[in-house]
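Here is how the chains run, residue by residue.
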Amino acid sequence: MTSAQTITADAAGSWRLGDLTVHRMGFGAMRLTGSGAFDQGTPSDRGRVIGVLRRAVELGVNHIDTAAFYFSSLRSANELINRALAPYPDDLVITTKVGPGRGPSGEWLPWAAPEQLRGQVEENLRQLGRDQLDVVNLRWRGADSIAEHFGALAELRDAGLIRHLGLSNVGSGHLAEAQAIAPVVCVQNRYSLDSRRPGDDDLLRVCGEQGIAFVPFFAIAGEGREEGASRTEADEVLAVARAHGVTAAQVRLAWTLQRGPHVLAIPGTGNPDHLADNVAAGALRLSPQDLDRLESLGRMVAA
Ligand SMILES: NC(=O)c1ccc[n+]([C@@H]2O[C@H](COP(=O)([O-])OP(=O)(O)OC[C@H]3O[C@@H](n4cnc5c(N)ncnc54)[C@H](OP(=O)(O)O)[C@@H]3O)[C@@H](O)[C@H]2O)c1
């Protein structure tokens with residue numbers, strides 16, 4: 001920590017993604033490109049969000065999640081990361097994801113076929129200005145086999161374009177399928193104290209047993225999903241927040257981190273004050289009584 005007032009990302013502890021060590025409190029880049037979901041609304045203020053990225057790194061964040069398809073009419077998350085942070089600090093780990101794709105006008109394209117994944121990986125390399133991507137998640141949809149797609153990414157890893165592979169939006173069966181092809185260092189699924197898919201508590205546990213990071217997205221947004229954080233917060237969350245003198249968002253982040261030492265947080269924000277709050281949440285420790293109180297919110301929602 002840099003001072004009694006400033007809590008830095010190391011307060012949350014560290015975890016290893018393959019041979020790369022990251023602080024468990026990271027940053028998600030999806031909220032940098034504009035208001036509302038990343039592909040809608042007013043483009044963000046460039047100076048403000050570049051400031052958020054630089055401040056995140058000053059605060060010790062060394063794990064940033066992004067995607068080439070995070071762009072609005074005038075902003076691209078990857079371009080902002082490159083502009084704000086290159087030359088990149090040696091310890092910075094940038095995780096990106098492939099599978100979904102968007103055309104130049106922002107329209108969603110059909111899911112990438114296995115042979116199209118190289119193009120998506122190269123697009124990320126160009127935008128981020130790197131010769132190798134630290135971590136690439138295969139972002140999946142539905143129950144189909146991931147074998148062909150994951151096999152294609154494993155070949156790109158063997159060719160040196162990618163250092164480590166991960167999965168996103170998958171079930172336990174997908175994880176086992178992938179592990180038979182190449183090592184998986186992280187699983188990134190939607191997961192929050194009041195909104196998570198059936199099976200994801202088990203998957204989180206299995207990841208821990210195998211030394212794989214579990215990386216929740218929408219930990220703050222919950223059911224608000226792309227639209228963002230809910231304006232109304234559950235009484236249980238508010239009560240725990242009041243007791244600790246923190247915000248509801250901080251309680252949500254602390255809850256996810258306390259699900260296991262292998263759980264990494266990647267809260268997304270374009271707001272510098274929210275960034276500082278989120279990093280500070282890495283120092284918040286919820287008591288067993290707090291966790292009991294929040295447990296009642298763990299209703300399961302269908303995928
Ligand atoms: N693999 C996937 O399919 C997938 C899908 C979605 C997201 N992701 C990744 O996961 C990351 C996290 O998801 P996310 O950004 O949607 O959701 P999130 O971190 O759960 O929540 C972001 C929302 O909460 C607000 N917020 C953030 N910090 C806050 C704070 N301290 N107090 C109050 N409000 C706060 C943000 O608005 P402000 O900007 O106003 O702070 C935004 O509306 C993304 O950035 C992205 O990198 C991955």
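The following refers to the structure shown. (Residues numbered from 1 in each chain as written. Predicted model: local features only at pLDDT ≥ 70, side-chain atom pairs only at ≥ 80, totals over all residues. Heavy atoms only, no water.)

## Observations regarding the site of the ligand
Alright, step 1. Not every one of the 27 residues close to the ligand is listed here, only the nearest: Arg-31, Asp-65, Arg-139, Thr-269 and His-274.
Alright, step 2. Within the side chain of Arg-31, a nitrogen or oxygen atom sits 2.7 Å from an oxygen atom of the ligand.
Alright, step 3. Here a nitrogen atom of the ligand and a side-chain polar atom of Ser-168 are 2.7 Å apart.
Alright, step 4. Protein chains bury 87% of the 890 Å² of accessible surface belonging to the ligand in isolation.
Alright, step 5. Among the elements that take part in the shell around the ligand, helix H9 (residues 272-280) stands out by supplying three residues, more than any other. (Near = heavy atom within 4 Å. Polar contact = N/O pair within 3.5 Å; in protein donor to acceptor, adjacent residues only side chain to side chain. Areas by Shrake-Rupley, 256 points an atom, 1.4 Å probe, with all protein chains shown as cover. Helix = DSSP H or I, 4+ residues; strand = E, 2+ residues; numbered from the N terminus.)

## Quick notes on the pattern of salt bridges
Alright, step 1. A complete count under the given rule lists 16 salt bridges for this structure.
Alright, step 2. Glu-58 serves as the salt-bridge partner of Arg-55, at 2.8 Å between the closest nitrogen and oxygen. A residue pair is termed a helical-turn pair when its members lie 3 or 4 positions apart in one helix, as Arg-55 and Glu-58 do in helix H1 (residues 46-58) at three residues.
Alright, step 3. Asp-65 serves as the salt-bridge partner of Lys-97, at 2.7 Å between the closest nitrogen and oxygen. Linking Lys-97 in strand E5 (residues 93-98) with Asp-65 in strand E4 (residues 63-65), this pair joins segments that are 32 residues apart in sequence. No difference in accessibility class separates Lys-97 from Asp-65, as the two residues are buried. (Salt bridge = Lys/Arg side-chain N within 4 Å of Asp/Glu carboxyl O. Buried < 20%, exposed > 50% of the residue type's maximum accessible area, 1.4 Å probe, protein only.)

## Here's the deal with the side chain of Arg-102
Alright, step 1. Residue placement: Arg-102 occurs in strand E6 (residues 101-102).
Alright, step 2. Polar contacts involving the side chain of Arg-102 include one to the main-chain carbonyl oxygen of Phe-69, which spans 2.8 Å.
Alright, step 3. Looking at Arg-102, its side chain comes within polar contact range of the main-chain oxygen of Gly-106, at 2.9 Å.

## Some details on the packing of helix H3 (residues 117-128) against helix H4 (residues 147-158)
Alright, step 1. Two elements in contact, H3 and H4, have axes separated by 10 Å at closest approach and are oriented at 50 degrees. Viewed along their axes, H3 and H4 adopt a mutual orientation that is oblique. Regarding H3 and H4, the two cross each other, and that crossing is right-handed. Between H3, through Leu-117, Arg-118 and Val-121, and H4, the contact on the second element is made entirely by His-149, Ala-152, Leu-153 and Leu-156.
Alright, step 2. Taken together, the residues of the contact of H3 with H4 break down into five nonpolar, one polar and one charged. (Axes fitted to C-alpha atoms, helices over the stretch in contact; angles between N-to-C directions. Parallel < 35°, antiparallel > 145°, perpendicular 65-115°, else oblique. Left-handed = near helix turned anticlockwise from the far one by under 90°. Contact = heavy atoms within 4.5 Å. Nonpolar A, V, L, I, M, F, W, Y, C, P; charged D, E, K, R; others polar.)

## Topic: unusual backbone geometry
Alright, step 1. In this structure, the amide linkage connecting Ala-86 to the following residue, Pro-87, adopts the cis form with an omega of -5 degrees.
Alright, step 2. Position of Pro-87 among the secondary structure elements: in the loop between helix H2 (77-85) and E5.
Alright, step 3. One non-glycine residue, Asn-169, lies in the positive phi region at around 65 degrees.
Alright, step 4. Position of Asn-169 relative to the elements: it lies in the loop between strand E9 (162-168) and helix H5 (172-179).
Alright, step 5. Using a relative accessible area of 15% as the deciding quantity, one classes Asn-169 as buried.
Alright, step 6. A positive phi angle, close to 60 degrees, is found at Phe-218, a residue other than glycine.
Alright, step 7. The class of Phe-218 is buried, set by a relative accessible area of 13%.

## What to know about H9
Alright, step 1. The set of residues buried in H9 consists of Leu-275, Asn-278 and Val-279. Within H9, the buried residues cover an arc of 95 degrees as seen down the axis, which keeps them to one side.
Alright, step 2. The inward-facing, buried residues of H9 abut strand E3 (27-28), H1 and helix H8 (248-257).
Alright, step 3. One side-chain oxygen of the residue at the start of H9 lies 2.8 Å from the amide nitrogen of Asp-273, identifying that residue as Asn-271. (Arc of directions from axis to C-beta.)

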